[in-house]
Amino acid sequence: MKNEFIIADINLAPEGHRRIEWAWQYMPVLRLIAEKDSLRQPLSGVVIGACLHLEAKTACLLKVLRMLGATVVTAGSNPLSTQDAVCAALVEDGIHVFSRRGMTSTEYTDNLREMLKWDPQIIIDDGGDVVSMIINERRDLIPNIMGGCEETTTGIMRLRAMVAEGVLPFPMVAVNDAQSKHLFDNRYGTGQSVWDAIMRTTNLIVAGKRVVVAGYGWCGKGTARRAAGMGAKVIVVEVDPHKALEALMDGFDVLNMEEASKVGDVFISVTGNTKVIRKEHFQNMKDGVLLCNAGHFDVEVYVPDLADVSVETVKSRENIDTYVLADGRRLHLLGEGRLVNLAAGDGHPVEIMDLSFAMQLLSAMYISSTKLAPGLYNVPDELDKNIAELKLESLGLKIEKLTPEQIRYMASWRD
Ligand code: NAI
């Protein structure tokens, strides 16, 4: 038997509607697409299963999917990023929601199972757990699945591993890899929202602190740049020699974690890897350091090791657990080591998610209208470009157009 929804409290809906309305105001690209396509109903009759961070911006995407004709079923992609008020508002708007803030890992997987009982034909995944569950537990759904879209770097890594093993059973579009997504969401979105979350959670100053950023990819670059902008001394830890050099030439110090762990005041991991900050590093740290993770899974700041090296854990503030070492040093973990910007903040700025979710929306429509063989696909260039054009249009900005002579010049080699 399938449930209509499982959420914390439907009475929270009015607050959820207020939050969604605020976000909607600042999502012009999503609004433009919705306006253009709502009469056509391109997703009519399609069941979409979306596992995403269930907060106000995501709610706007889900509502547009429904406006365009889809039946929308959703589960939260992270226990601490689910906002119960938003879930309640979505239920009132006719969306099937399975999530609550603080759900246990068993509840999390049970909620994914509830979502899959609705036989989704298009999957919107964030981190790869839904696709992985379909392969492991619900192969019966595969013949009916048109395909899906993946939101984040970690999910793409897992999809690539599935392709390499020959087990990915349907087409997936790598939304994360579109320019309209990672150039803005991973870089500027993570860059701003990570600091927003750290500042509001700790009430501490950033200027003058030594901030250690592990991972100098798209997210790490944004996080480091914003820290520097606020006066922090940034240290980058990398495994990739090119990225390490890039960080150096961008003006940051480069150290390995062994050395950085001795001097850092704030640690932020954003690698998509596991055990990036672990036992031997915790043992080196100064009293009062902040430990934050912005990578997709809660395995980067390795919490079991943190528990091992400490003699006591205290809840110091909302979203801060303090681990006390035998000699009295206090290491403060934000948001349980989960994506700090979502667990201890509101996630990316609204305008950023307008771009990312508009990309998800166009990709979902692309999947529903195109027959593709199983595999991992890039977002078609014209869709990617279309998002940037719509954003510029919404800002009233004009850019240069190539003249026919310039087009010819760039395609020639003689002069
Ligand atoms: P990316 O692939 O551009 O960068 C990751 C970097 O980490 C690479 O340069 C890699 O060399 C480095 N790295 C890997 N292992 C390392 C280690 N042990 N120590 C130091 N550096 C290491 O990936 P991107 O797009 O920056 O994403 C990183 C993570 O953040 C992923 O898990 C992704 O899913 C997640 N993400 C989080 C967001 C948020 O809102 N917090 C938003 C978007 C992505």
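The structure this text deals with has already been given above.
Treat the numbers as computed from the prediction; the structure is a model and nothing was measured.

(A) Main features of the overall build of the protein chain. Across its full length, the protein chain holds 17 helices and 15 strands. Its C-alpha atoms give the protein chain a radius of gyration of 22 Å, near enough to 22 Å, the size a compact globule of 415 residues would have. Counting only C-alpha atoms and orienting by the principal axes, one finds that the protein chain spans roughly 70 × 65 × 45 Å. Put simply, 72% of the contacts in the protein chain that link residues at least 6 apart link residues at least 24 apart.

(B) Structural view of the sheet that holds strand β11 (residues 289-293). The eight strands lie next to each other as β9-β8-β7-β10-β11-β14-β13-β12, forming an open sheet whose pairing is mixed. For this open sheet the edge positions go to β9 (253-254) and β12 (310-317), each flanked by a neighbour on one side alone. The sheet contact formed by strand β13 (residues 320-325) and strand β14 (residues 330-334) spans five bridges and is antiparallel. Across the sheet, the residue bridging to T322 is H332, located in β14. Across the face of the sheet, helix α8 (residues 179-202) comes into contact with β7 (210-214), β10 (266-269), β11, β12, β13 and β14 while running at roughly 140° to β10.

(C) Representation of the environment of I33. Here I33 shows up in helix α2 (residues 28-37). Accessibility expressed as a relative area gives 1% for I33, which makes it buried. Considered as a pair, I33 and L390 are 357 residues apart in the sequence and their alpha carbons are 8.9 Å apart. Leave out the neighbours within four places in its chain, and I33 touches A358, L361, L362, M365, I387 and L390.

(D) Up close: the state of the cysteines. Scanning the model with the defined rule gives zero disulfides in all. Note on C51: no disulfide assigned, nearest cysteine sulfur contributed by C87 at a separation of 12 Å. Cysteine C219 is unpaired, with the sulfur of C292 as its nearest cysteine sulfur at 14 Å. The class of C219 is buried, set by a relative accessible area of 17%.

(E) Structural view of the site of the ligand. Around the ligand, a shell composed of 26 residues is seen, among which T152, T153, T154, E238 and N341 lie nearest. Here a nitrogen atom of the ligand and a backbone polar atom of A294 are 2.8 Å apart. Between an oxygen atom of the ligand and a main-chain N or O atom of H296, the distance comes to 3.0 Å. Coverage of the ligand by the protein amounts to 87% of the 870 Å² it exposes when considered alone. Of all the secondary-structure elements, those providing two or more residues to the shell around the ligand are α7 (153-165), α8 and α9 (218-229). Of the residues in the shell around the ligand, the class split is eight nonpolar, 14 polar and four charged.

(F) Broad picture of the pattern of salt bridges. Enumeration over the complete set of coordinates arrives at 27 salt bridges. The partner of R18 in a salt bridge is E15, with the nearest N and O atoms 3.1 Å apart. Of the two residues, R18 and E15 are both situated in helix α1 (residues 13-25); the distance of three residues between them amounts to about one turn of the helix. When its relative accessible area of 29% is taken as the criterion, E15 is described as partly exposed. The salt bridge partner of R338 is E336, with a shortest N-O separation of 3.6 Å.

(G) Spatial organisation of the layout of surface pockets. The calculated volume of the second largest pocket comes to roughly 280 Å³. For the second largest pocket, the lining is made up of 16 residues, of which N78, P79, S105, D298 and R338 are closest to its centre. Across the lining of the second largest pocket, the residue classes tally to six nonpolar, six polar and four charged.

(H) Quick look at the environment of Y302. Along the chain, Y302 falls in the loop between β11 and α13 (303-309). Through-space distance from the C-alpha of Y302 to that of V239 is 18 Å; in sequence the pair is 63 residues apart.

(I) Looking closely at helix α4 (residues 84-92). Across the nine residues that make up α4, a large majority, eight, are buried. Here α4 has its buried residues at D84, A85, V86, C87, A88, A89, L90 and V91. The secondary structure elements touched by the buried residues of α4 are α1, α3 (56-67) and β3 (96-98).

(J) Focus on the packing of aromatic side chains. Applying the stated criterion to the full structure yields two aromatic pairs. The interplanar angle of 55° and the centroid separation of 5.2 Å between the aromatic rings of W22 and Y26 together place this pair among those described as tilted. The exposed category is assigned to W22, whose relative accessible area is 52%. Ring geometry for Y216 against F252: centres 6.1 Å apart, planes inclined by 75°, an arrangement best described as edge-to-face. Separated by 36 residues along the polypeptide, Y216 in the loop between β7 and α9 and F252 in the loop between α10 (241-249) and β9 bring together distant segments of the chain. Take Y216: its relative accessible area is 1%, and that puts it in the buried class. Of the residues examined, F252 reaches a relative accessible area of 7% and is grouped as buried. We note K2 situated over the ring of W118; from NZ or CZ to the ring centre the distance is 4.1 Å.

(K) View of the sheet that holds strand β5 (residues 147-150). Strand order in the open sheet made by the seven strands is β3-β2-β1-β4-β5-β6-β15, with parallel pairing throughout. Sheet topology places β3 and β15 (375-378) at the edges, where each strand pairs with a single neighbour. On average, each strand axis in the sheet is tilted by 20° relative to the strand beside it, whichever way the strands run. Where β5 lies against strand β6 (residues 171-174), three bridges are found, and the strand directions are parallel. Residue pairing for β6: C149 is matched across the bridge by V173. Where helix α6 (residues 129-137) meets the sheet, its contacts fall on β1 (47-52), β4 (122-125) and β6, and the angle it forms with β4 comes to roughly 130°.

What counts and what doesn't
- Residues numbered from 1 in each chain as written.
- Predicted model: local features only at pLDDT ≥ 70, side-chain atom pairs only at ≥ 80, totals over all residues.
- Heavy atoms only, no water.
- Helix = DSSP H or I, 4+ residues; strand = E, 2+ residues; numbered from the N terminus.
- Rg over C-alpha atoms; globule rule 2.2 N^0.38 Å.
- Contact = heavy atoms within 4.5 Å.
- Pairing = 2+ DSSP bridges.
- Axes fitted to C-alpha atoms, helices over the stretch in contact; angles between N-to-C directions.
- Buried < 20%, exposed > 50% of the residue type's maximum accessible area, 1.4 Å probe, protein only.
- Disulfide = S-S within 2.5 Å.
- Near = heavy atom within 4 Å.
- Polar contact = N/O pair within 3.5 Å; in protein donor to acceptor, adjacent residues only side chain to side chain.
- Areas by Shrake-Rupley, 256 points an atom, 1.4 Å probe, with all protein chains shown as cover.
- Nonpolar A, V, L, I, M, F, W, Y, C, P; charged D, E, K, R; others polar.
- Salt bridge = Lys/Arg side-chain N within 4 Å of Asp/Glu carboxyl O.
- 1 Å grid on protein atoms, 1.4 Å probe; cavity = no way out; pocket = protein on both sides within 12 Å on 5 of 7 lines; lining within 4 Å.
- Points joined across faces, edges and corners; volume = space filled by probe spheres on them.
- Phe/Tyr/Trp six-rings, centres within 6.5 Å; stacked < 30°, edge-to-face > 60°.
- Lys NZ or Arg CZ within 6 Å of the ring centre and 35° of its normal.

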